[in-house]
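Observations on chain architecture
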Amino acid sequence: MEILADKLRPQSLDEIIGQQHLVGPNKIIRNLVENDHLVSMILYGKPGIGKTSIACAIAKEINKPYRMLNATINNKQDFDIVIEEAKMHGEMIIIMDEIHRLNKDKQDLLLPYIENGLIILIGMTTSNPYYKINPAIRSRCQIFELKELSNEDIKKGLEKASKYLKGIKIDNDALNAIIRLSSGDLRSAINLLEIAYYGTKDKHVTLETVENINSKAIFFSDANEDGHYDVLSGLQKSIRGSDVNASLHYLARLIITGDLDSIYRRLSVIAYEDIGLANPSIGPKLMAAIHASELVGLPEARIPLGTIVTEMALSPKSNSAHTALDEALADIEKGNTGNLPKHIQTNSPLYKYPHDYPNAWIKQQYLPDKIKNRIYYKPKNNKYEVNLNKLHSEMKGEK
């Protein structure tokens, strides 16, 4: 039985919902089709926003033979068969899902035919192609990023789907709930509408009907894919930017996935990369919060994690210590080093032991002659570093 989402698959570019920056009037993909000059391409973006729809619409509108393959599911023999078909036709479009999973054997099989134009490849992926797709394939394809669908786009798709569901009656709050729960995934929204329709006796879809099927929003955060790392990136950048509300939002999204280890690792980096010397107590506090989270597990782990993330977002920020180290590492990588001064070499009698002097400090050279005036650490203007600098100056007898 054909599901509604597949039945609604667009047959032309005019039927595509959203993605007007690619398929709208005088936009790149429409112009390629209208000029009958198709090139190999990769379409990437979140699930349910139109990658397969655009690929199929292109193939049908340009009126060329096409086949659909999945880089994971279809084996090398399936690829061989499609290539032989392409040779018979003289040209063929291959629409390939999960192209980021294409292994070397299949890639090597396709590359010569993509190169000579026998095969026009339209690859689809939810992963960032600049990181996940082999450069040999990527360099032969034009990359197009699809944008998230708006609530209006989802509503338009649901209204179109409703025409195929005889006698349906749907309340506005139920429609809005489906839009909200789909989180921009049109396929998911249509599937939810179809289940709600067939899950009632009188074909009347209410808010209760929808919530009985699904009360949790879908969002793209696969722990093994880019979406998950995007959310981790959102968490770090929100904390770095001192936006406590956004920080808690992304923490909540990560907690829903249950991947506490990723949260712990990223927060540990943030504590030292972004907060650092502006609030050096945050590291031990974070370790305590992680220990508490491990002891109690989910769902209670959200309590110490929420507390520490709130403090991290509101904390002053400084990257002075780790950027100082990065500069030192850069000098070493460039060979900008030199020999240690003789008086700090092992067992040197010339070394002055600081603890034997007032304030445990005595002026002497520590850096090699070649870089003796090099300054790596440049303090930020926060309370802790200002006080640290003041104490350091007093220790040296400076005013």
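Now for a description of the structure that goes with this document. (Residues numbered from 1 in each chain as written. Predicted model: local features only at pLDDT ≥ 70, side-chain atom pairs only at ≥ 80, totals over all residues. Heavy atoms only, no water.)

1. Here's the deal with the sheet that holds strand 2 (residues 66–70)
This is how the line gets drawn: Pairing between strands is defined by DSSP: at least two bridges between them are needed. Numbering of helices and strands runs from the N terminus; a helix is a DSSP stretch of H or I covering at least four residues, while a strand is a stretch of E covering at least two. All axes here are fitted lines through C-alpha atoms, helices being fitted over the stretch that makes contact, and every angle between N-to-C directions spans 0 to 180 degrees. Two residues qualify as a contact provided that any one of their heavy atoms is within 4.5 Å of a heavy atom in the partner residue.
Taken in spatial order, the 5 strands line up as 2-3-4-1-5 in an open sheet, and their pairing is parallel. Every interior strand has two partners, whereas the edge strands, strand 2 and strand 5 (142–145), have only one. Taking each pair of neighbouring strands and ignoring which way they run, the sheet shows an average axis angle of 20°. Inspection of the sheet shows strand 3 (residues 92–97) paired to strand 4 (residues 119–125) by 6 bridges, in the parallel sense. Across the sheet, residue I95 finds its bridge partner in strand 4, namely I122. Here helix 6 (residues 104–115) sits on the sheet and contacts strand 3 and strand 4; the angle it forms with strand 4, its principal contact strand, is near 125°.

2. Quick look at a nonpolar patch on the surface
Worth spelling out the cut-off: Note on patches: the residues involved have over 30% relative accessible area and no salt bridge, like charges join within 9 Å, and the nonpolar side chains Val, Leu, Ile, Met, Phe, Trp and Tyr join within 5 Å. To be clear on the numbers: accessible area is Shrake-Rupley with a 1.4 Å probe, and residue cover counts the displayed protein chains and nothing else. Criterion for a salt bridge: a side-chain nitrogen of Lys or Arg within 4 Å of a carboxyl oxygen of Asp or Glu. To sort residues, take the accessible area from a 1.4 Å probe on protein chains only and compare it with the maximum for the residue type: under 20% means buried, over 50% means exposed, and anything in between is partly exposed.
A cluster of nonpolar side chains, Y351, Y353 and Y366, forms an exposed patch at the surface whose accessible area comes to about 320 Å². By the secondary structure assignment, Y366 is in the loop between helix 18 (320–333) and helix 19 (383–395). For Y366, a relative accessible area of 41% gives the class partly exposed.

3. Some details on the packing of aromatic side chains
For the record, the criterion: For Phe, Tyr and Trp, where Trp contributes only its six-membered ring, two rings pair if their centres lie within 6.5 Å, and the inter-plane angle classes them as stacked under 30 degrees, edge-to-face over 60, or tilted in between. As a reminder, the over-ring test applies to NZ of lysine and CZ of arginine, requiring each to be within 6 Å of the ring centre and within 35 degrees of the ring normal.
With the rule as written, the count across this model stands at 1 aromatic pair. For the ring pair Y197 and Y198, a centre distance of 4.7 Å and an interplane angle of 80° mean the geometry is edge-to-face. Lying across the ring of Y197, K203 places its NZ or CZ 5.0 Å from the centre.

4. Remarks on unusual backbone geometry
At the junction of L298 and P299, the peptide bond is cis and its omega measures out at 10° in the coordinates. Mapped onto the elements, P299 comes out in the loop between helix 16 (282–296) and helix 17 (302–314). Even without glycine at this site, Q19 takes up a positive phi of about 55°. Structurally, Q19 can be placed in the loop between helix 1 (4–7) and helix 2 (20–23). What makes Q19 buried here is its relative accessible area of 4%. One non-glycine residue with positive phi stands out, namely N26, at about 65°. For N26, the location among the structural elements is in the loop between helix 2 and helix 3 (28–34). A residue is classified by how much of its surface remains accessible, and N26, at 65% relative accessible area, is exposed.

5. Thoughts on the environment of P280
For P280, the location among the structural elements is in the loop between helix 15 (260–275) and helix 16. Each C-alpha atom of the pair P280 and S318 lies 9.9 Å from the other, and the pair is 38 residues apart in sequence.

6. Some remarks on the environment of I375
Relative to the assigned elements, I375 resides in the loop between helix 18 and helix 19. C-alpha separation for the pair I375 and N212, spaced 163 residues apart in sequence, amounts to 63 Å.

7. Quick word on the pattern of salt bridges
Inspection of the entire model under this criterion finds 17 salt bridges. Residues joined by salt bridges that share partners form a network here, namely E327, D331, R374 and K378.

8. Describing the side chain of S53
Using the following cut-off: Identification of polar contacts relies on pairs of N or O atoms within 3.5 Å, with a donor-acceptor requirement for protein atoms, meaning one able to donate a hydrogen and the other able to accept it, and with residues adjacent in sequence counted only if both atoms are side-chain atoms.
Residue placement: S53 occurs in helix 4 (residues 51–62). Here the side chain of S53 touches R9 through a polar contact of 3.4 Å, side chain to side chain. Setting aside anything within four residues of it in sequence, one finds S53 in contact with R9, P10 and I16.

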